[in-house]
Amino acid sequence: MVNYDDMKPFIQRIADGKSSGILSTEPITELLTSSGTSGGQPKLMPSTAEELDRKTFFYNMLVPIMSKFVNGLDEGKGMYLLFIKPEIKTPSGLKARPVLTSYYKSQQFKNRPFNKYNVITSPNDTILCEDSKQSMYCQLLCGLVQQSHVLRLGASFASAFLRAVKFLESHYNELCADIRTGTITSWITESACRDSVLSILNGPNPELADEIESLCGAKSWEGILRKIWPKTKYIEVIVTGSMAQYIPTLEFYSGGLPLVSIMYGASDCFFGININPMCKPSEVSYTLLPNMGYFEFLPVDDKSLDKSHSTVDDNALKGEDLIVDLVNVEIGRYYELVITTFAGLYRYKVEDNLKVTGFHNKAPQFSFVERRNVVLSIDTDKTSEEDLMKAVTQAKLNHLQKSLLLTEYTSYADTSSISGHYVLFWELKPRHDNEPPKLDKKTMEDCCSEVEDCLDYVYRRCRNKDKSIGPLEIRVVSLGTFDSLMDFSIAQGSSVNQYKTPRCVTSGGALEILDSRVTRRFFSKRVPQWEPFGSDS
Ligand code: AMP
């Protein structure tokens, strides 16, 4: 089995222009940039022309599945907010870009079979606009104008969808002014976008503008999505894994519309589909499609640890001995997904942990348990415990007043507002006494910024370019807070001997303890540096 760092030299050779025959018999036609990073840069996943057909097959599968559960979807449209990111050229001339950018730019997407189900409110030109603000504005405008036809709303991940809600909140007056007059605001400068939006606006519509403006002007936005798009039957966004933190906010804005988490995939390969899409978010399982790649499973639960430590002729079992095929997974057990793809990944560890929840006929179904080694995630960022520790250590060394000790820290992904942001809880003690520390505002703000500077490429891109993450916050807690946190965990059943400070808290009692002892808060005052990777400067 291999991980990305094992593959990296081979992939780098291809990016540099050497033959791709070393990985795959099919020529590698592009490299897909993953949100995982290696050595500070995004991972690059090889892909072939044929892969686009495989993805099209995958997307086409979603149509009959949804139609099985929801009637009449072909009688209206979907307001799907889809975005692309700029692509770069590697030295070999191959494009490097995210998997969805590759798919939305493909002929397969443009020529997707126009059974009526596939009709969405966003014209292609607005999806393919590289300026994400113009793209968002135009797509929302088209979705609002066609609101009486919209039967479903969606985006890729919950975080992207909520960003659109936030955008609507700050731009609804301007959007309504455009609907009222049948024109488009002057800062939309992309002519292809302007033309396609104007053809959809099709003249002034003051009644609709008044209606939307009065809905959006209400004091509370509870249920706003249902009010603006009254025929909507569900919202299609991924809400499993780290996206589960957005479920309460989505429920608030949607007024309880079903949340449909339909697919599970990655830049490496598309994996599976939720064939019971109207289930509750907590019950989502994905059925892996065996024609997407070859799937194997490395057990990661206690049962497998027992086996790997047991001595068989004095040799502990290695991963390769424990790995099982799709047909041999057992219900209730936990596995790390290992894939062999058509584009040349061989026994590659995806770093996702899955649990077998049941079977559809003979096909096992999996719930997404966690991304291995990820403690914090707001959007597509994935920060591990190690990344966080390095960043905190660096900030402490470079900026913390020398008279202070950072005795303990933990973190929290605060998504109570959009955009969400990272919160660090720091317990600081003066070196020479136990008095509450005297904190210098500027120094603490520099600590916040230094942590951000040290976080990886994807975090900095989300902060700097996408603006999908807000400024990092340090909440200083009173002395003894982390002792109380330990007492709390022990009262909940942790063993005193094995207790380790959690490097991330999610919600509930631990968060309440920390928050109730916050003495001061500081925010990063500048945006961390970010440059598209591969740029020469
Ligand atoms: P990327 O490499 O940027 O394409 O990200 C792929 C990763 O996103 C997967 O390996 C998962 O960790 C996560 N992911 C994708 N789809 C889902 C899903 N439906 N539920 C939970 N996590 C997901």
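The written sequence of each chain sets the order in which its residues are numbered from 1. In view of the model being predicted, local features appear only for residues whose pLDDT reaches at least 70, and side-chain atom pairs are presented and counted only at 80 or more, with totals across whole chains, interfaces and linings using the full set of residues. Computation of side-chain values covers all heavy atoms of the structure but excludes hydrogens and water.

## Quick word on the site of the ligand
Move 1: In the vicinity of the ligand lie 16 residues, with Ser35, Thr240, Ser267, Asp352 and Arg371 positioned nearest.
Move 2: A distance of 3.0 Å separates an oxygen atom of the ligand from a polar side-chain atom of Ser34.
Move 3: For the ligand, an oxygen atom lies 2.9 Å from a polar atom in the side chain of Arg371.
Move 4: Surface exposure here means Shrake-Rupley accessible area, sampled with a 1.4 Å probe, where a residue is shielded only by the protein chains that are shown. In isolation the ligand exposes 500 Å². Once the protein is present, 90% of that is buried.
Move 5: Secondary structure elements with two or more residues in the shell around the ligand: strand 1 (30-38), strand 9 (263-265), strand 17 (348-360) and strand 18 (363-371).
Move 6: Put simply, DSSP H or I for four residues or longer makes a helix, DSSP E for two residues or longer makes a strand, and each gets a number counted from the N terminus. No other element matches the 3 residues that strand 9 contributes to the shell around the ligand.
Move 7: Only Asp, Glu, Lys and Arg are considered charged, only Ala, Val, Leu, Ile, Met, Phe, Trp, Tyr, Cys and Pro nonpolar, and every remaining residue, Gly among them, polar. Broken down by class, the residue content of the shell around the ligand amounts to 7 nonpolar, 6 polar and 3 charged. A single heavy atom is enough: if one lies within 4 Å of a molecule or strand, its residue is considered near that molecule or strand. Contacts described as polar in this section are N or O atom pairs within 3.5 Å, which, within protein, must combine one atom able to donate a hydrogen with one able to accept it, while residues neighboring in sequence count only if both atoms come from side chains.

## Quick word on helix 17 (residues 481-491)
Move 1: Listed as buried for helix 17 are Thr481, Phe482, Ser484, Leu485 and Ser489. Looking straight down helix 17, one finds its buried side chains confined to an arc of 155 degrees; they lie on one side.
Move 2: Throughout, a contact is declared for two residues whenever any of their heavy atoms are within 4.5 Å. Buried residues in helix 17 make contact with strand 19 (404-414), strand 20 (421-430), strand 21 (473-477) and helix 18 (509-516). Accessible area is worked out with a 1.4 Å probe on protein chains only. A residue is then buried under 20% of its type maximum, exposed over 50%, and partly exposed in between. The arc under discussion is defined with respect to the helix axis, by the directions toward the C-beta atoms.

## Considering the side chain of Arg460
Move 1: By secondary structure assignment, the location of Arg460 is in helix 16 (residues 457-466).
Move 2: Among buried Asp, Glu, Lys and Arg side chains, Arg460 stands out as unpaired, with Asp456 the closest opposite charge at 6.4 Å. Positive charges come from Lys and Arg, negative ones from Asp and Glu, while His and the chain ends are left out of the count. Between Lys or Arg on one side and Asp or Glu on the other, a salt bridge is scored when a side-chain nitrogen of the former is within 4 Å of a carboxyl oxygen of the latter.

## Considerations on the sheet that holds strand 2 (residues 41-47)
Move 1: Each pair of strands is called paired provided DSSP finds at least two bridges between the two strands. Taken in spatial order, the 4 strands line up as 2-1-5-4 in an open sheet, and their pairing is mixed. Each edge of the sheet is formed by a strand with only one pairing partner; in this case those strands are strand 2 and strand 4 (88-89).
Move 2: Relative to strand 5 (residues 95-97), strand 1 runs parallel, the two being bridged by 3 bridges. When the bridges of strand 5 are listed, Glu30 appears paired with Lys95.

## Brief notes about the UniProt feature "domain: GH3 C-terminal" (unreviewed entry) in the chain
Move 1: Mapped onto this numbering, the UniProt entry gives "domain: GH3 C-terminal" (unreviewed entry) at residues 386-507.
Move 2: Measuring from the first to the last C-alpha atom of residues 386-507 gives 21 Å, for a span that is 40% helix and 21% strand. UniProt positions are given in the numbering used here, feature names are shortened, and annotations may be inferred rather than shown by experiment.

## Let's talk about the pattern of salt bridges
Side chains that differ in charge, positive against negative, can pair when their charged atoms come close.
Move 1: By the definition in use, this model includes 30 salt bridges.
Move 2: Put simply, Lys442 and Asp446 hold a salt bridge, and the shortest N to O gap is 2.8 Å. Of this pair, Lys442 and Asp446 both sit in helix 15 (residues 441-454), 4 residues apart, which is roughly one turn of the helix.
Move 3: On the accessibility criterion, Asp446 (24% relative accessible area) is partly exposed.
Move 4: Each member of the salt-bridge network shares a partner with another, and the members are Glu30, Glu87, Lys95, Arg97, Lys105 and Glu130.

## Digging into the environment of Ile378
Move 1: Secondary-structure assignment places Ile378 in the loop between strand 18 and helix 14 (385-399).
Move 2: Under the relative-accessibility criterion, Ile378 is labelled buried at 1%.
Move 3: The sequence separation of Ile378 and Gly420 amounts to 42 residues, and the corresponding C-alpha distance is 6.2 Å.
Move 4: Excluding residues within four positions of it along the chain, Ile378 makes contact with Ser159, Met243, Gln245, Tyr246, Ala413, Asp414, Thr415, Gly420, His421, Tyr422, Ser468 and Ile469.

## Quick notes on the packing of aromatic side chains
Move 1: Pairing of aromatic rings covers Phe, Tyr and Trp, the last through its six-membered ring, and needs centres within 6.5 Å; plane angles under 30 degrees mean stacked, over 60 mean edge-to-face, and all others mean tilted. For the structure on display, the rule yields 19 aromatic pairs.
Move 2: For the pair Phe58 and Tyr59, a centre-to-centre distance of 6.3 Å together with 85 degrees between the ring planes defines the contact as edge-to-face.
Move 3: Ring centres of Tyr103 and Tyr104 lie 6.2 Å apart, and the angle between their planes is 55 degrees; on these two criteria the pair is classed as tilted. Considered together, Tyr103 and Tyr104 belong to a single accessibility category, that of buried residues.
Move 4: Connected via pairs of aromatic rings, a cluster forms that spans Phe58, Tyr59, Tyr103, Tyr104, Phe109 and Phe270.

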